[in-house]
Structure formats: structure tokens, C-alpha cells
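# Close look at the chain arrangement
Okay, here's what each chain looks like letter by letter:
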Amino acid sequence: MITAIYTGSFDPITLGHLNMIKRASRVFDKLIVCIMVNKDKKPLFTQEERLRQVRLVTQRFPNVEVDQSDLLVADYARLKGAKVVVRGLRAVSDYEKECQMALMNKRLYPELETFFLAASEKYMYLSSSAVKELAMFGADLSAFAPREIIGEIEAKYKQERTDTDHGKRDQ
Ligand code: ADP
């Protein structure tokens, strides 16, 4: 039985991530999607919100488990007995960062193999940041984010806009 892990910030999960999860879940016996704590980034959604969102949109995949961790990817994989980490490759821009990470993980946990899945053409240029930017301008998100969480993303920005307006008025 081969267990693979798919890690990321998922802030928020996009249709690009979901496409990767669907494809990887067909290849491996079990796929653990793990939301990693990234101390350098100030997330839009809390760790708990992201955990709930990822669980909600992946519940139809029986061999997908959702988890969260503040460990290094290599340590987390070892803990879970996973020898495969799945990563998505979009444009050339992902390549260098991803290779560096794969080599680092291999150094830390030599049995761990990184499997790169090519992003599907439809989602090649899709990222969580792009979704957030579109949401900020009130654009239609249906081609980019899972429908179950679109309302939540929109609500976050409506709330932020209201807070900013109040802030301006209070000055
Ligand atoms: P991080 O913030 O750690 O980069 P992300 O949540 O943005 O994490 O991405 C996690 C993984 O998903 C990475 O391997 C990334 O390349 C991949 N990924 C992100 N967006 C897409 C997409 N549109 N298509 C395919 N893979 C993607």
C-alpha cells in the first residue's frame, strides 16, 4: 500500500489543487492532504477554516484524508509512514523552487520520493493568490475555486472592505 502526502497552504484551496488531489488519489492507495503552517505568510483563512474547507471539498474522495501540521514536510512524511510527496508543477516558475525542495527533503529523509504532476492546462496559471486578488475585486470565482467555498471567500473580502471603510470613516 502506497501512501502519498500532498502539502500546501491551501489559502484557499483552488480548483487547481483539487484537480491535483483527484488525479493523485487515483494513482496512490491513500493520499493525505496536509495543511502546513507557514510562519512567513499571513493567511486569509485561519488554519481551522482551511482544514474545514479542504475536508468539505474532498469528502467525495474515499482514499483522501485531510490533516494539518507544523512539522517539516520530511518529518511529517516519516511520521505518517509516507514515502511519496506529490507536488504540482505549473509554469517554469515553479520548477526551481520545487527542485530545491525535493532535494532538501531527500537529504532529510532519503526514502522520500517527490512525484511531480503537471498542472492541467486549465489550471496552469491558477494560484491561491490569484483567487484572492480576483475576490478582492468582486470577480466571479466559479472557474477558479470550489463552489462549496466561494461564498466564504467572497464574505471574507466583503468583511474586509467594510472594515476598511469603517477605518477610513473613523480617521
Ligand atoms: P504553498 O503555499 O506551500 O506553495 P500551495 O497551496 O500554493 O502551497 O500549493 C501546494 C502545491 O500545489 C504545490 O505543489 C503547488 O505547485 C501545487 N499547485 C498550486 N496551484 C496549482 C495548480 N493550479 N495546478 C497544479 N498544482 C498546483
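Nothing here was measured: the structure is a model prediction, and the numbers come from that model. (Residues numbered from 1 in each chain as written. Predicted model: local features only at pLDDT ≥ 70, side-chain atom pairs only at ≥ 80, totals over all residues. Heavy atoms only, no water.)

Once that is clear, we can look at the pattern of salt bridges. Scanning all chains against the criterion turns up 9 salt bridges. Here R52 ties to E152 by a salt bridge, and the two come within 3.1 Å at their closest N and O atoms. Separated by 100 residues along the polypeptide, R52 in helix α2 (residues 47-58) and E152 in helix α6 (residues 147-170) bring together distant segments of the chain. Classification of R52 as partly exposed rests on a relative accessible area of 43%. Between K106 and E113 there is a salt bridge, with its nearest N and O atoms 3.1 Å apart. Residue class for K106 comes out partly exposed when judged on its relative accessible area of 31%. For E113, a relative accessible area of 39% corresponds to the partly exposed category. Ionic contacts of the salt-bridge type, sharing partners, join the residues D11, R50 and K132 into one network. (Salt bridge = Lys/Arg side-chain N within 4 Å of Asp/Glu carboxyl O. Helix = DSSP H or I, 4+ residues; strand = E, 2+ residues; numbered from the N terminus. Buried < 20%, exposed > 50% of the residue type's maximum accessible area, 1.4 Å probe, protein only.)

Another point: the sheet that holds strand β3 (residues 64-69). In sheet architecture, strand pairing relies on hydrogen bonds along the backbone and comes in two forms, parallel and antiparallel. Pairing is parallel in the open sheet, where 5 strands are placed in the order β3-β2-β1-β4-β5. For this open sheet the edge positions go to β3 and β5 (113-118), each flanked by a neighbour on one side alone. Across this sheet, the average inter-strand angle for adjacent strands is 30°, counted without regard to direction. Bridging between strand β1 (residues 3-8) and strand β2 (residues 30-36) involves 6 bridges; their strand directions are parallel. The partner of T3 across the bridge, within β2, is K30. (Pairing = 2+ DSSP bridges. Axes fitted to C-alpha atoms, helices over the stretch in contact; angles between N-to-C directions.)

Time to look at the site of the ligand. Of all residues adjacent to the ligand, which total 18 residues, the nearest are Y6, S9, K41, G88 and Y123. Within the contact set of the ligand, an oxygen atom lies 2.7 Å away from a backbone nitrogen or oxygen of G88. Burial of the ligand by the protein amounts to 90% of the accessible area it has alone, namely 550 Å². When each cavity is represented as a set of grid points, the ligand is found to reside in the largest pocket. Of all the elements in the fold, those that place two or more residues in the shell around the ligand are β1, α1 (15-27), β4 (84-89) and α4 (92-108). Residue composition of the shell around the ligand, grouped by class: 6 nonpolar, 6 polar and 6 charged. (Near = heavy atom within 4 Å. Polar contact = N/O pair within 3.5 Å; in protein donor to acceptor, adjacent residues only side chain to side chain. Areas by Shrake-Rupley, 256 points an atom, 1.4 Å probe, with all protein chains shown as cover. 1 Å grid on protein atoms, 1.4 Å probe; cavity = no way out; pocket = protein on both sides within 12 Å on 5 of 7 lines; lining within 4 Å. Sits in = over half its atoms within 2 Å of the grid points. Nonpolar A, V, L, I, M, F, W, Y, C, P; charged D, E, K, R; others polar.)

Another point: the layout of surface pockets. Of the voids in this model, the largest pocket is the one considered here, and its volume is about 1,200 Å³. Looking at the largest pocket, it is lined by 44 residues, and the ones nearest its centre are G8, S9, K41, R87 and K97. When residues of the lining of the largest pocket are traced back to their parent elements, those giving at least two are β1, α1, α2, β4, α4 and α5 (128-136). Broken down by element, the lining of the largest pocket gets its largest block of residues, 8 residues, from α4. When grouped by side-chain class, the residues that make up the lining of the largest pocket number 15 nonpolar, 16 polar and 13 charged. When its volume is computed, the second largest pocket comes out at roughly 180 Å³. Surrounding the second largest pocket, L15, L18, N19, K22, R60, F61, Y123, P146, R147 and E148 form its lining. Going through the elements one at a time, α1 and α6 are the ones with two or more residues in the lining of the second largest pocket. When the residues that make up the lining of the second largest pocket are grouped by side-chain class, the tally is 5 nonpolar, 1 polar and 4 charged. (Points joined across faces, edges and corners; volume = space filled by probe spheres on them.)

Y6, I13, I21, L31, V33, V86 and I153 are the most contacted members of the largest nonpolar core, which has 33 residues in total. Mapped onto this core, the elements with two or more residues apiece are β1, α1, β2, α2, β3, β4, α5 and α6. The greatest single-element share of this core, amounting to 5 residues, is contributed by α1. When neighbours within four sequence positions are excluded, I21 is seen to be in contact with Y6, I13, L31, V33, T58, F61 and V64. Counting 12 residues, the second largest nonpolar core, distinct from the first, contains A77, A82, Y109 and L112. (Core = buried A, V, L, I, M, F, W, Y, C linked by side-chain atoms within 4.5 Å. Contact = heavy atoms within 4.5 Å.)

Such coordinate-based values are descriptive only and should not be taken to indicate function.
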